[in-house]
Amino acid sequence: MQRTYSLCVSQQRMPRNRTYLMCPPEHYEVAYAINPWMDTTAPVDAELALKQWERLREILTGLGHTVHVLTPEPFLPDMVYAANGALTVDGVAYGARFKFAQRTAEAAAHRTFYETRGWDFHAPAQTNEGEGDFAYLPGAYGGLILAGYGFRTEPPAHAEAQDVLGRPVVSLRLVDPRFYHLDTALAALDDSTVTYYPGAFSTASQRVLRQLFPDAVVADDADAYGFGLNLVSDGRNVVLNSEATGMARKVEAAGYAPQLVELSELKKGGGSVKCCVAELRP
Ligand code: ARG
């Protein structure tokens, strides 16, 4: 007689080697306020910011990933948030066009990086802030781009990204100014799984997310306010802000391996792990 047994094994999440781009906070300061986290009167410890950034880079290289470094430029204090410079998919780079004048010049630095390394670079006509507002899931629906709008990236940039990158783009409306970039409210945990904070999205966009990602890890207020969604995952190891301990437990329960990193100084500029790390997809 043949019997079938159902085995309950905890899910094994597989990491994939990644290539990242980061920019050291050598000229970092909070000199202007373009998001609700930035307070120009609060002191920033520049030395500590650099140390914390170095630690983040060490964690990523320690996990076996390659980290390229973009040369920081004076008077561009937000260059440390390297995720905002472009979105890349399969060797194609869709460049950024920043909303605020204070960051406009960062786009050229990123463009030079891609053009001098043989990427198929596309300069954008539309306002968009790169991976700040775009997330790519290569294993979802044959390769899907999620795109935020409402504060920085303009909806016409979503269509432009789709034309340039040849992947379907799903537009999601952000409604809470504290979560002004998509990457403060949603992250890819692996090629097909996301985690997100529903409160950052319009009711309609929440419905879209539930429909597309029924197995998503859903975050709560504390996770979001601790910048727990602003994470970098290689498919197994999830690097996230040290304040986000509840979020760490959540991703662990979902089978991932959380790694906490302290980024208190960079949080004062309105960013954390993911903001500092652009993924390069050659
Ligand atoms: N101060 C920067 C700004 O407001 C922070 C950018 C954070 N980056 C990110 N990918 N969310 O533009």
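Details of the structure are given in the entry above.
First, a word on what this report is: a plain description of the structure on this page. Computed from a predicted structure; not experimentally measured.

What counts, and where the lines are drawn
Residues numbered from 1 in each chain as written. Predicted model: local features only at pLDDT ≥ 70, side-chain atom pairs only at ≥ 80, totals over all residues. Heavy atoms only, no water. Helix = DSSP H or I, 4+ residues; strand = E, 2+ residues; numbered from the N terminus. Rg over C-alpha atoms; globule rule 2.2 N^0.38 Å. Buried < 20%, exposed > 50% of the residue type's maximum accessible area, 1.4 Å probe, protein only. Contact = heavy atoms within 4.5 Å. Lys, Arg positive; Asp, Glu negative; His and termini not counted. Charge placed at Lys NZ, Arg CZ, Asp CG, Glu CD. Arc of directions from axis to C-beta. Pairing = 2+ DSSP bridges. Right-handed = clockwise from strand over helix to strand, strands pointing away. Near = heavy atom within 4 Å. Polar contact = N/O pair within 3.5 Å; in protein donor to acceptor, adjacent residues only side chain to side chain. 1 Å grid on protein atoms, 1.4 Å probe; cavity = no way out; pocket = protein on both sides within 12 Å on 5 of 7 lines; lining within 4 Å. Sits in = over half its atoms within 2 Å of the grid points. Nonpolar A, V, L, I, M, F, W, Y, C, P; charged D, E, K, R; others polar.

Re the overall build of the protein chain
A count of helices and strands for the protein chain gives seven helices and 15 strands. Here the C-alpha radius of gyration of the protein chain, 18 Å, is about what a compact globule of 282 residues would show, namely 19 Å. C-alpha extents for the protein chain along the principal axes are approximately 75 × 40 × 40 Å. Buried positions account for 55% of the 282 residues belonging to the protein chain. In the protein chain, the share of contacts with a sequence separation of at least 24, taken over all contacts with a separation of at least 6, comes to 72%. Here the protein chain holds 25 positive side-chain charges and 33 negative ones, and the gap between their average locations is 6 Å.

Some remarks on helix α6 (residues 245-253)
Since one α-helical turn is 3.6 residues long, residues separated by three or four positions face the same way. Every buried residue belonging to α6 is among M247, A248 and V251, and all of these are buried. Viewed end-on, α6 has its buried residues packed into an arc of 105 degrees, placing them on one side of the element. Seen from the open side of α6, the exposed residues pointing more than 90 degrees away from its buried face are R249 and A253. Contact partners of the buried residues in α6: β10 (194-196), α5 (221-225), β13 (237-241) and β14 (257-261). Once α6 finishes, G255 follows within two positions and takes phi at roughly 100 degrees, a positive value.

With respect to the pairing of strand β8 (residues 169-173)
Bridge count for strand β7 (residues 144-149) against β8 is five bridges, and the pairing is parallel. From the neighbouring strand, I145 faces β8, where its bridge partner is V169. Between the parallel pair β7 and β8, the chain is carried across by helix α3 (residues 155-165), and the sense of this crossover is right-handed.

Here we look at the site of the ligand
Taken together, 15 residues surround the ligand, and among them N35, R103, D183, G269 and C275 come closest. Taking N35, its side chain carries an N or O atom lying 2.7 Å from an oxygen atom of the ligand. Judged by its atoms lying within 2 Å of the grid points, the ligand is housed in the second largest cavity. Each residue belonging to the shell around the ligand can be placed in one class, and the counts come to five nonpolar, six polar and four charged.

What about the environment of V69?
Following the sequence through the fold, V69 ends up in strand β2 (residues 66-69). Judged by its relative accessible area of 36%, V69 falls in the partly exposed class. C-alpha of V69 to C-alpha of K267: the two residues are 198 residues apart in sequence and 20 Å apart in space. When residues no more than four places from it in sequence are discounted, the contact partners of V69 are L21, M22, P24, W53 and R57.

In short, geometric facts, not functional conclusions.
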